[in-house]
Amino acid sequence: MIEQKVKQYPLQVDCVCESEAQLGEGPVWSKSEGVLYWLDIKNRQVFRYHVDNGQQDCQKVEPLISCIVLRRAGGLFAATHEGIGLFDYSKGTVAISNRFNTEPEGNRPNDGKCDSAGRFWLGSMDDAETKPTGNLYRFHGDGAVVKVLEGVVISNGIGWSPDNKIFYFTDSVNRAILAFDYSANSGSLQNPRVFAHIKKEHGYPDGLAVDVEGGVWSAHWDGWRITRYTPDGNIDRIINMPVPRPTSCAFGGSDLMDLYITSASIGLTGQQLAKAPLSGSLFCHKPGIAGLAVGEYNG
Ligand code: BGC
Ligand code: CA
């Protein structure tokens, strides 16, 4: 597709919460609480942004947490170096209940999300971002842990199509968002292919969210943008960001009409930060399309 013909939405992103997060990540909407949870992986902090009054509170956490999901039975689950467990926001603790089978030294957990059956999909990565030691796991509510993919450097953005037939998985270092045929019954993946390949000048694909029309919204680390792809993988819209490192996005608000976007300041030079002082902040874009609700952990 010719870039010039793609709709550009340059001034439609609001900074809703100024922050200096190093690695702002993992936005997740809690409808029952009316809050958007997000976190700073490197600073070991979890934030709770109250959409009604624009207030935010923060909790320091003991372990490194890379992502949070809602739990069907109530509460939250979080991923740490050891596996996944119940996350208590009021105490900042994680009670690990499902452990990784094998994760090499030097790896850390990264992006994760639950499918409609309540299975928790979690990718890992080499913390130094060089070795292909990253894996993708599927944690079942009954305690089973399945390694689904291996050999990835940075496992990233995960999502499902509205009809639950396609699974999206982001391989950041190879600048690819992959699509797989997905069985909602078993959770198995088949027929891997490249859904979208990101040009070098547009950075690396990071976290993603899917809308009700099957549009895939992907954050570009080092790309100053969010791209919406149509289900056939064509670029539909580009949302220009005031920061170079948007990291992830999630739909929130009572009707899932708001796209919340996290960002990072880690690794930016003083000069880059002067040009993008909002790096690390939380942003919101109103695309006019509702998001698909994400799954909740069934364990
Ligand atoms: C990781 C970062 C990484 C970035 C690259 C993020 O999900 O947490 O460590 O640099 O992806 O896209
Ligand atoms: Ca990410």
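All of the points below concern the structure found in this document. Here the structure is a predicted model, which is why all the values come from computation and not from measurement.

### Looking at the site of ligand 1
Working step 1: Around ligand 1, the structure places Leu23, Glu25, Arg108, Asn110, Met125, Glu129, Asn156, Ser172, Asp206 and Trp221.
Working step 2: Between ligand 1 and Glu129 there is a distance of 2.6 Å, counted from an oxygen atom to a side-chain nitrogen or oxygen.
Working step 3: Contact distances for ligand 1 include 3.1 Å between an oxygen atom and a side-chain N or O atom of Asp206.
Working step 4: In isolation ligand 1 has 310 Å² of accessible area, and contact with the protein removes 96% of it.

### Notes on the nonpolar core
Working step 1: Counting 26 residues, the largest nonpolar core has Trp217, Ile226 and Leu259 as its most contacted members.
Working step 2: Counting only elements with at least two residues in this core, the list comes to β2 (13-17), β4 (35-40), β5 (45-50), β20 (216-221), β23 (246-252), β24 (258-263) and β25 (282-285).
Working step 3: In this structure, Leu23, Val28, Ile68 and Leu76 belong to the second largest nonpolar core, which totals 19 residues.

### A few points about the coordination of the calcium ion (ligand 2)
Working step 1: Around the calcium ion (ligand 2), the protein supplies Glu25 (OE), Glu25 (OE), Asn156 (OD1) and Asp206 (OD) as donor atoms, at distances of 2.2 to 3.1 Å.
Working step 2: Between consecutive donor residues of the calcium ion (ligand 2), the sequence gaps follow E-x130-N-x49-D. With Glu25 in strand β3 (residues 24-30) and Asp206 in strand β19 (residues 204-210), this residue pair connects regions lying 181 residues apart in the sequence.
Working step 3: On the basis of relative accessibility, which here comes to 5%, the residue Glu25 falls in the buried class.

### Focus on the packing of aromatic side chains
Working step 1: Counted by the stated rule, this structure contains 20 aromatic pairs.
Working step 2: Ring centres of Trp38 and Phe47 lie 4.3 Å apart, and the angle between their planes is 25°; on these two criteria the pair is classed as stacked. Here the two residues Trp38 and Phe47 agree in accessibility, since each one is buried.
Working step 3: Ring geometry for Phe100 against Tyr137: centres 4.9 Å apart, planes inclined by 50°, an arrangement best described as tilted. With Phe100 in the loop between β10 (93-99) and β11 (107-114) and Tyr137 in strand β13 (residues 134-139), this residue pair connects regions lying 37 residues apart in the sequence. Each member of the pair, Phe100 together with Tyr137, is buried.
Working step 4: Members of the aromatic cluster, connected to one another through ring pairs, are Phe77, Phe100, Phe120, Tyr137, Phe139 and Tyr297.
Working step 5: Stacked on the ring of Tyr204, the Lys or Arg Arg175 has its end atom at 4.3 Å from the ring centre.

### Examining the sheet that holds strand β12 (residues 120-126)
Working step 1: The antiparallel open sheet is built from four strands, whose spatial order is β11-β12-β13-β14. A single partner strand is all that each edge strand has here, and the edge strands are β11 and β14 (145-152). Here the strands of the sheet are splayed against their neighbours by 20° on average, with no regard to which way each runs.
Working step 2: Taken together, the four bridges between β12 and β13 define a ladder with antiparallel strand orientation. Note on β13: the bridge partner recorded for Trp121 is Arg138.

### Description of the pairing of β3
Working step 1: The element β3 is extensively covered by neighbouring structure, given that seven of its seven residues are classed as buried.
Working step 2: In terms of strand pairing, β3 meets β4 through five bridges, oriented antiparallel. Of the residues in β4, the one forming a bridge with Trp29 is Leu36.
Working step 3: Taken together, β3 and the strand that follows it, β4, pair antiparallel across an intervening segment of four residues, in which Gly34 is found at a positive phi of about 65°.

What counts, and at which threshold
Residues numbered from 1 in each chain as written. Chains lettered and ligands numbered in written order. Predicted model: local features only at pLDDT ≥ 70, side-chain atom pairs only at ≥ 80, totals over all residues. Heavy atoms only, no water. Near = heavy atom within 4 Å. Polar contact = N/O pair within 3.5 Å; in protein donor to acceptor, adjacent residues only side chain to side chain. Areas by Shrake-Rupley, 256 points an atom, 1.4 Å probe, with all protein chains shown as cover. Core = buried A, V, L, I, M, F, W, Y, C linked by side-chain atoms within 4.5 Å. Buried < 20%, exposed > 50% of the residue type's maximum accessible area, 1.4 Å probe, protein only. Helix = DSSP H or I, 4+ residues; strand = E, 2+ residues; numbered from the N terminus. Donors = N, O, S within 2.8 Å, 3.2 Å for Na, K, Ca; no water. Phe/Tyr/Trp six-rings, centres within 6.5 Å; stacked < 30°, edge-to-face > 60°. Lys NZ or Arg CZ within 6 Å of the ring centre and 35° of its normal. Pairing = 2+ DSSP bridges. Axes fitted to C-alpha atoms, helices over the stretch in contact; angles between N-to-C directions.

Any link to function would need more than the numbers given here.
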